[in-house]
Each structure stands twice: as C-alpha cells, then as structure tokens.
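Fold and contact review
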Amino acid sequence: MIDKLKRDLRALTQDELREQFKTLTQPAYRADQVYDWLWSKEAHSIDDMLNLPKALRESLKAIFEIRPISVNHEQVSKDGTIKNAVRLADGLIVESVLIPTDRRITACISSQVGCNMGCHFCATAKLKRIRNLSPGEIVDQVRAIQAQAEKHFKRPLTNIVYMGMGEPLANYRNVLASIERITSPKGLGISAKRITLSTVGLPKLIRRMADEQVKFNLAVSLHSARDEVRSAIMPVNDASNVKDLMDSMLYWYEKTGSLITIEYVVWKDLNDGPEDIQALVALCKRVPSKVNLIEYNAIGDGRFQKATLRSIDAYVGALEHAGVTVNIRRSRGKDIDAACGQLANKSLPESMEVLS
Ligand code: SAH
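Residues numbered from 1 in each chain as written. Predicted model: local features only at pLDDT ≥ 70, side-chain atom pairs only at ≥ 80, totals over all residues. Heavy atoms only, no water.

What follows covers the domain arrangement of the chain. Domain parsing of the chain yields domain 1 (7-65) and domain 2 (70-352). For domain 1 and domain 2, the distance between their C-alpha centroids amounts to 34 Å. Across the boundary between the two partners, domain 1 contributes 12 residues, which contact 12 residues of domain 2. Three residues, R10, Y35 and W39, lead the burial of domain 1 against domain 2; their summed loss comes to 51% of the area buried on that side. Looking at the side of domain 1 that touches domain 2 element by element, the count peaks at four residues for helix α2 (residues 28-39). Looking at side-chain class alone, the side of domain 1 that touches domain 2 contains four nonpolar, three polar and five charged residues. (Domains from an automatic or database assignment. Contact = heavy atoms within 4.5 Å. Buried area = accessible area lost by both parts, 1.4 Å probe. Helix = DSSP H or I, 4+ residues; strand = E, 2+ residues; numbered from the N terminus. Nonpolar A, V, L, I, M, F, W, Y, C, P; charged D, E, K, R; others polar.)

Shown next, in the form of structure tokens:
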C-alpha cells in the first residue's frame, strides 16, 4: 500500500535530493549517500540506510517512502520467454518480458499502466492510460529481469527495450530518468548502446531527445509510410503526419548519428500493396534506418490479419534492392501472450478493483 501523503523518494533526481536535504539543513554528502542507497545498493526501505543517523532516517520517513515493485507472477513460454506480472505499490499491474536468444537476453519493459495512443492493432491500447510509471518502477523491472537471467539462464542481461506497455515518450521525464539510472556507473552501469526506446512516433519529443544528445537507440513504430493508411490504424498520425515524423527522424540522425530502427507490421489487404512498399522504400532512402518487419500477433478481435509470406518477401526484396537493411522479427512468447502488442494484462480486472 502507498501513503498518499508521502512522496516517492526515488522520484527525485540527485540534484533534487540535494535541494531537499538543504531544506532539512543536511549537507550534500548525506543526499549523495541516500542516492547511493537507492540506486547502487537497491535499498527498499529508508531503515536499510544504515550509515545515516537514526534521527535523519526518521525525518526522511515522515516525508518520503520507497515504492518498490514485486513480481507477482512469472509465466514461462515453450521458447523460454518469461512474462512477468509486475505489481506496483498501489496494486496496479504492468507486464515485463525476458526474451532469451542465443546471443542475448533482452528485457522488454513497460513505461505506463495502459496507453492512450489508441493504435487499433494493439492490446494495450484497449486499457487506456491509467498512470505513468516512476523511474524507480521502471528500473525495478530491469533489476527483476536481471535476477531472472542469472537464475534461469546463468547469463547476464544484455539488452533493454522500452517496448512493453505504454508510450515511453508520453512519460518522457520518468523514462529518461530511468535510462540515466540504468546507464549510470552508480546505477546498473549498462551501456546506453544496449538500450532501445520504441515510440509510436511523436515528432516534437523525438527532436527534444535529439537535442539532449541521448546515447540510446531509437525505434519508431511506423507500420505505414502513407498518411491515409497510417491514420486509419494509428490515431496519433492525425496530430502529426508521416512527413513531420520523417523530418523528426532526419533531425535525430543529424544530431545523434545513430540509425533509426523502423518497426513495421505487414497486414493483409491493409499495407501489403506495391504503393505501400514504394512509400516505405522512399522513406528509408531519405532517413538512415533499418527495418524490422514484425510478425502480427492477433489480439482476438479478428480485425487484422497477418500478411502472406509472399507480401513479406516483396517488402524484403524491395528494401534490399534499395540497400536498406531489413530483418524479420519472429514472435516470441506467443503462447503466453507475451509477444509485441499482446501485453494487455489479463489480470487487470483485479487491479481495476484497486482503482474503483
Ligand atoms: N508505444 C511504443 C512501445 C510499445 S509497442 C511504440 O508504439 O513503439 C511495441 C511494438 O509492438 C510497437 O512497434 C507496436 O506497434 C507493436 N505492436 C503493437 N501491437 C502489435 C501486435 N498486435 N502485433 C505485433 N506488433 C504489435
């Protein structure tokens, strides 16, 4: 349970902590000690912070609390993928996924409870956004998967993708704060090059990240390079069209020098025609990028059908012919609804009770 009168200690940056300690007439090094407990030593209670005087711990406890997550339920797929139902301190549930391959162990993590972007093909969209996750709740998901990787595979976690529930750029500040803590040597010390943020494509925020010279990778869920098609399946395309998105992607490349991954699902009779292929090829010729063709995972409403292998081959052929790198991403963890777009939280009714 959470105490609504208190603040989440892990929502503060190191500078904010120092400010807070000034008002408590405490020296800056005390703030740094607390920061170290939170992010290097994984303290889950203020009482764990043994090098702080007891009186200081008591005054912190009067204002703050720490709100760790707990893994409520682990489901293991036939292919080794593990889906976690993650319980947040207020009782809500999000999902995270561990994806093992020969060379990598990837953590797919959530950034929001539900999502407001409304993509018609995505199960998470049906939930609407309930709330943003805090930096601590995001980092905890990574830590939990790090422990699972060691326990089940005896291998370290190698990659992190923000491709779980939610739109990371709609929770901009907390997502960037979480990446700062995951990459910091004082935090998890994982290289930014091993982190990918996947977005529905919000041009203003893509530019803002580029201006901040971030070092992680960017993936954009394009799914169509034609406005009429993209708008029909992704409401976000009404506010900013494909041209705006493409310009922001170019800007990203100019500022960061880092290739963008374009995520693209091919659906039958929706975006599998020659004009769809040509539009994508034209975009890729302008924006330095590589394409991941993602297999569609049905979400049970029968509205979308995955494309035939022949149409996928047509995409691959045209992209390769234009010199664009293209990968086909097979689904993982489908039998446990852990694949892309399937994270819809079948345990939600229980968590909704907490809200009502
Ligand atoms: N909001 C972010 C990240 C979450 S979704 C984004 O939009 O990128 C991660 C990826 O899964 C996105 O590319 C998304 O478009 C894709 N996706 C959503 N539903 C899907 C489904 N049913 N089958 C396959 N991919 C899906």
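This part takes up the site of the ligand. In the vicinity of the ligand lie 21 residues, with S198, S221, H223, N297 and G341 positioned nearest. F121 places a main-chain nitrogen or oxygen 3.0 Å from a nitrogen atom of the ligand. Between the ligand and the protein, one listed contact pairs an oxygen atom with a backbone N or O atom of T199 at 3.5 Å. Protein chains shield 96% of the accessible area of the ligand, which is 540 Å² for the free molecule. Mapped by element, the contributors of at least two residues to the shell around the ligand are β10 (195-199) and β12 (260-265). Looking at the shell around the ligand residue by residue, the class counts come to 10 nonpolar, eight polar and three charged. (Near = heavy atom within 4 Å. Polar contact = N/O pair within 3.5 Å; in protein donor to acceptor, adjacent residues only side chain to side chain. Areas by Shrake-Rupley, 256 points an atom, 1.4 Å probe, with all protein chains shown as cover.)

Another point: the layout of surface pockets. Put simply, the second largest pocket is a space of about 390 Å³. If you go around the second largest pocket, you meet 20 residues; those closest to its centre are R173, L176, A177, E180 and E212. Looking at the lining of the second largest pocket element by element, the count peaks at nine residues for helix α5 (residues 172-183). For the lining of the second largest pocket, the per-class residue count stands at nine nonpolar, five polar and six charged. (1 Å grid on protein atoms, 1.4 Å probe; cavity = no way out; pocket = protein on both sides within 12 Å on 5 of 7 lines; lining within 4 Å. Points joined across faces, edges and corners; volume = space filled by probe spheres on them.)

Tallied over the entire structure, the rule returns seven aromatic pairs. When the ring of Y35 is compared with that of W39, the centres are 6.4 Å apart and the planes differ by 50°; the resulting orientation is tilted. Here Y35 pairs with W39, and both are found in helix α2, just four residues apart, close to one helical turn. Accessibility assignment for this pair places Y35 and W39 in one class, buried. Where W267 meets F304, the ring centres are 5.3 Å apart and the plane angle is 50°; that geometry is what we call tilted. Placement of W267 in the loop between β12 and α10 (274-286) and of F304 in the loop between β13 (289-294) and α11 (309-321) is noted, with a sequence separation of 37 residues between them. Residue classification places W267 among the buried residues on the basis of a relative accessible area of 0%. (Phe/Tyr/Trp six-rings, centres within 6.5 Å; stacked < 30°, edge-to-face > 60°. Buried < 20%, exposed > 50% of the residue type's maximum accessible area, 1.4 Å probe, protein only.)

Moving on, we come to the state of the cysteines. Counting across every chain of the model gives zero disulfides. Cysteine C119 remains unbridged, with the sulfur of C122 as its closest cysteine sulfur at 6.2 Å. Owing to a relative accessible area of 11%, C119 belongs among the buried residues under this scheme. (Disulfide = S-S within 2.5 Å.)

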